[in-house]
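Given next are the chains, with one letter for each unit.
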Amino acid sequence: MAATPDQGRRGSPYDSEVISGAPLFAGVALTVSGSISILLGVTGITRDTVFSSPHYAYRFDLTTWGWIHLVVGVVLFLVGLGVLLGKSWARAAGIVVAAISVITQFMFIPYYPAWSIIVMAFDLLIVWTLSRSFHPAAVGGR
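Quantities reported herein were computed from a predicted structural model and do not represent experimental measurements.

1. Considering the overall build of the chain
So, step 1. Looking only at helices and strands, the chain features 4 helices and 0 strands.
So, step 2. Reading the secondary structure of the chain in the N-to-C direction produces α-α-α-α.
So, step 3. Across the 142 residues of the chain, 35% fall into the buried class.
So, step 4. Contacts in the chain between residues at least 24 apart in sequence constitute 67% of all its contacts with a sequence separation of at least 6.
So, step 5. Summed over its atoms, the accessible surface of the chain is roughly 8,600 Å², and 69% of this surface lies on carbon and sulfur atoms.

Structure representation (structure tokens):
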């Protein structure tokens, strides 16, 4: 009986490396944080009366805050997809964009404190996860 090469596995999408551990968490967390920011942005743009507008040093029009959150959310979502796809640029971009998201959420605290603090904690967890020294193929995620 002659051995035949496995023709079915050649070019299969299952040949690529599967993302797990820290990169998987970071990618999912980035896409979730991006989705949350997109929802906040759309709400700020369409219904800016939902949020209170206190007398605040960094006070912008709530529609402006909506656009800021929408843009940051879209970038977070796209970078999260890049991390999930294993793109080399996505790790550094994820750290930068999540840090920007922390800053925007911090400045948004007077408008919606509970939401902002939860998203800030989530974004800080993303920054911590992405800043760890890891390689997807290494044992233990390091």
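2. Brief notes about helix H3 (residues 90-107)
So, step 1. Across its 18 residues, H3 extends 25 Å between first and last C-alpha, which sits within 8% of the 26 Å expected from 1.5 Å per residue.
So, step 2. Of all the residues in H3, the buried ones are Ala90, Gly94, Val97, Ala98, Ser101, Val102, Thr104, Gln105 and Met107.
So, step 3. Among the structural elements, helix H1 (22-46), helix H2 (62-84) and helix H4 (113-131) are those in contact with the buried residues of H3.

3. Observations concerning the side chain of Asp123
So, step 1. Its location among the elements puts Asp123 in helix H4.
So, step 2. For Asp123, which is buried and forms no salt bridge, the nearest opposite charge comes from Arg91, at a distance of 16 Å.
So, step 3. Ignoring sequence-local partners within four residues, the contact set of Asp123 consists of Ser33, Ala98, Ser101, Val102 and Gln105.

4. Focus on the confidence of the model for the chain
Detailed reading of the predicted coordinates is not advisable wherever pLDDT is low.
So, step 1. Counting all residues, the mean pLDDT for the chain is 80, and 72% of those residues have values of 70 or more.
So, step 2. Low pLDDT, under 50, characterises residues 138-142; the predicted model gives this stretch 8 contacts beyond four residues in sequence or across chains.

5. Side note on the nonpolar core
So, step 1. Core analysis: the largest hydrophobic core is formed by 13 residues, its most contacted members being Leu30, Leu76, Val83, Ala98, Ile126 and Leu130.
So, step 2. Excluding its chain neighbours within four sequence positions, the residues that come into contact with Val83 are Ile19, Pro23, Ala26, Gly27, Leu30, Ala90, Arg91 and Leu130.
So, step 3. One finds Leu62, Trp65, Phe108 and Tyr111 within the second-largest nonpolar core, a separate group that totals 6 residues.

6. Here we look at the packing of aromatic side chains
So, step 1. By the definition in use, this model includes 4 aromatic pairs.
So, step 2. Ring geometry for Tyr112 versus Trp115: centroids 5.7 Å apart, planes at 25°, classification stacked.
So, step 3. Take Tyr112: its relative accessible area is 35%, and that puts it in the partly exposed class.
So, step 4. Here the aromatic cluster, defined as three or more aromatic residues joined through ring pairs, consists of Trp65, Phe108 and Tyr111.

7. Structural notes on the environment of Val75
So, step 1. For Val75, the location among the structural elements is in helix H2.
So, step 2. Overall, Val75 belongs to the partly exposed group, its relative accessible area being 34%.
So, step 3. Expressed as a C-alpha distance, the spacing of Val75 and Ser101, which sit 26 residues apart in the sequence, is 10.0 Å.

What counts and what doesn't
Residues numbered from 1 in each chain as written. Predicted model: local features only at pLDDT ≥ 70, side-chain atom pairs only at ≥ 80, totals over all residues. Heavy atoms only, no water. Helix = DSSP H or I, 4+ residues; strand = E, 2+ residues; numbered from the N terminus. Buried < 20%, exposed > 50% of the residue type's maximum accessible area, 1.4 Å probe, protein only. Contact = heavy atoms within 4.5 Å. Areas by Shrake-Rupley, 256 points an atom, 1.4 Å probe, with all protein chains shown as cover. Expected span 1.5 Å × (residues − 1). Lys, Arg positive; Asp, Glu negative; His and termini not counted. Salt bridge = Lys/Arg side-chain N within 4 Å of Asp/Glu carboxyl O. pLDDT = per-residue confidence, 0-100. Core = buried A, V, L, I, M, F, W, Y, C linked by side-chain atoms within 4.5 Å. Phe/Tyr/Trp six-rings, centres within 6.5 Å; stacked < 30°, edge-to-face > 60°.

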